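Chain residues, written in single-letter form:
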Amino acid sequence: MEKRNKSRRILVWLLMAALWFGAAGFRLAAGGDMEAFAAGTTPVSAHGQLSVSGTSLVDQYGKPFQIRGISTHGLQWFSQYNNKEAFATLRDDWGANCIRLAMYTNEGGYCNGNEAFMKEQVTKGVQYATELGMYTIIDWHILSDGNPQTYKSQAVSFFSEMAGRYKDYDNVIYEICNEPNNCSWQDIKSYAVEVIGAIRAQDADAVIIVGTPTWSQLGSQGHLYEPADDPIAGYNNLMYAFHFYASEPAHNQWLTEKIGTAINRGLPVFVSEFGLSEADGNGSVDTGKATEWLNRCDQYQVSYCAWSLSNDWRSSSLIKNSSGKTSGWSADELTTAGNFIRDWYRKKAGSDSSAPQDDKVNNPEVKNLAEGITVSYQTHVQSHGWQEPVKNGRMAGTSGQAKRLEAIEIQVSGNGNLGIRYRTHVQSYGWQGWAADGDLSGTERQSKRLEAICIELIGADKDRYDVYYRVHAQSYGWLDWAKNGAEAGTEGLAKRLEGINIVIVPKGADPGVPTGRPFVSAYPGNVNYRTHVQTYGWQNWFWDGRMSGTQGQSKRLEGIEMRLRWNIPGGIEYQTHVQTYGWQNWVGNGAMSGTQGQAKRLEGIRIRLTGEAQKQYDIYYQVHAQTYGWLDWAKNGEMAGTSGLAKRLEGIKVQLVPKGGPAPGSTARPSIEG
């Protein structure tokens, strides 16, 4: 937050410090019992590692991507909101895709004798965001210290450590100086070059946000653009910070053209902090001006993070001062600013309840329907209950209302030798067993969303027809059509189904509908795996020969989970050799092998395919073992690792190869026995 009157700013901090440090006693431990989503969920699974192309932030496919994030307040004062449940509320209820972790350097922060606590809060915040599949910004929150040169050596050390720790993470962004003030662009630039160099020595491609003069206003005055005139050279994936406060008169008078002008001059802009209040974080809240500012950002697809996730008494806070809840807030527990941001983000995330129902989109024309055959179906919809049945391709459910499907019943008539069965993937419960011919699949009165569905025909005449179906999925809208038992919906993304169409056509007939993408998975590879690493916990999902774990950090692997791509028939099984316990039983298809919270190292592993996958592929895997480094590749159930040597596994790579194809590397020595 900008502070225009330096004397007033210092006085405010001094007066509030005692209150805030007292409030620190109310910190809540982050709960571990909330449903843990894969790190590839929501935005990270869909968009992966971000980068900068020209003036745009783009995703792993090179498409422009916009972060809509929430910034914490100072972690030294409001650490109770740095918890997984809070972040999940922001992701699932608000539509936010990023958490900015405001680690103050001064004001009782990292460089004022509070280093250990502040670093702990950052690592916890990154862990929670990663587990929820959200992007996260590590914010070196300069404010009253003004010139980033003040704590440059500490910044270099801090960011070198963070970059080394998170270099293999797809979701971590570094903001290296929040709001430089009372200093020149040359001061900022020379500082930034050293800190960026320290990050790049560890992490070659993470996005880095550089603060700009006058509390990150892209220049020292309303008409100056020093960073655009003299940008940092020699490094990629850099963006430059701009901050605005919607009710601040000076911002509305002098800064409204800053974003567009800077971008037109070739400078990548990131609004890493904005608020609806005045620049000191308090005062009036102007939702009209906020709308104008955010429309400017959206016009250029500029990312932004709202200030602040706290119940501070100031009007910029998103939670009412009277609320003691640290997650799951109702609208009544949010401030005017909080409700505005929630509504804005929800609308941008595709959850606008006022969106019109488009009949041509929701009920498309389908060709060659089976004559004399009727498929009818009805859905149980959040807050609506059971809807009236529809048939032959009409939409059941809703679109544009953010209402989850909770259950479905399907029937076929017109041929006594034809039936239908179906199964659904239910929140928390996973895939249910098959239901048939009008039986219920899903749940009632449990507030559980359907996430995916499979439908297939049964009976003596089942081979005379094909069944096609598609679903409307949260965030993705209408997916393409699945057929004859294939999955439709999403996997590992915690996205609700909202609507469904079903038709039956004669065998081999062309219904004239798209079939390219009926299902979206958080696990993009042919074989996907993640590891639980000493100190760090569960890492992101990796796939198809990429390393999971660490190298050169002496960190043990403690657990592992694996799964095949959704459209590969068959399964995957694996067993691990665990310190003091020996070989565990085989598990498969996403279950954990190993331990968690017991400080036990993995020493060896075996992996094999089952079913049709075993006939189509060979599975290869190699491990990085303590003392020995990378061993050679093992194959199809062979042991990789060590036995009888008490050596930890530190990293692993897994890869599918078409049956009988060449190995990805040497297979001479995949294991060592003592």
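First, a word on scope: everything that follows refers to the structure included in this document. Being a predicted model, the structure only gives us computed values, none of them experimental. (Residues numbered from 1 in each chain as written. Predicted model: local features only at pLDDT ≥ 70, side-chain atom pairs only at ≥ 80, totals over all residues. Heavy atoms only, no water.)

1. Considerations on the sheet that holds strand β9 (residues 269-275)
Strand order in the closed barrel made by the 8 strands is β3-β4-β5-β6-β7-β8-β9-β10, with parallel pairing throughout. Geometrically, the sheet is characterised by an average inter-axis angle of 30° between neighbouring strands, direction not taken into account. Most of the contacts of helix α11 (residues 287-299) go to strand β8 (residues 238-245), to which it runs at about 160°, and overall it touches β8, β9 and β10 (304-309). Those strands touched by helix α12 (residues 336-348) are β3 (68-72), β9 and β10, and its axis lies near 145° from that of β10. (Pairing = 2+ DSSP bridges. Helix = DSSP H or I, 4+ residues; strand = E, 2+ residues; numbered from the N terminus. Axes fitted to C-alpha atoms, helices over the stretch in contact; angles between N-to-C directions. Contact = heavy atoms within 4.5 Å.)

2. Details of the nonpolar core
Counting residues in each nonpolar core, the largest one holds 123 residues, and the members touching the most others are Trp140, Tyr174 and Ile176. Top element by residues in this core is helix α6 (residues 185-200). It accounts for 7 residues. Counting residues in each nonpolar core, the second largest holds 36 residues, with Ala370, Tyr377, Ile455 and Leu479 among its members. (Core = buried A, V, L, I, M, F, W, Y, C linked by side-chain atoms within 4.5 Å. Buried < 20%, exposed > 50% of the residue type's maximum accessible area, 1.4 Å probe, protein only.)

3. Some points on the pairing of strand β31 (residues 557-564)
Side-chain positions along a regular strand alternate between the two faces of the sheet. Taken across its 8 residues, β31 has 8 buried, putting it largely inside the fold. Where strand β27 (residues 527-533) lies against β31, 7 bridges are found, and the strand directions are antiparallel. When the bridges of β31 are listed, Arg530 appears paired with Glu561. Bridge count between β31 and strand β35 (residues 593-594): 2 bridges; the pairing is antiparallel. Bridging from a neighbouring strand, Ile560 pairs with Ser593 of β35.

4. Here we look at the environment of Ala46
Along the chain, the position of Ala46 falls in helix α2 (residues 42-47). Expressed as a C-alpha distance, the spacing of Ala46 and Gly133, which sit 87 residues apart in the sequence, is 9.6 Å. Ignoring anything within four residues of it in the chain, the contact list for Ala46 reads Gln60, Tyr61 and Tyr476.

This is a description of form; function is not addressed.
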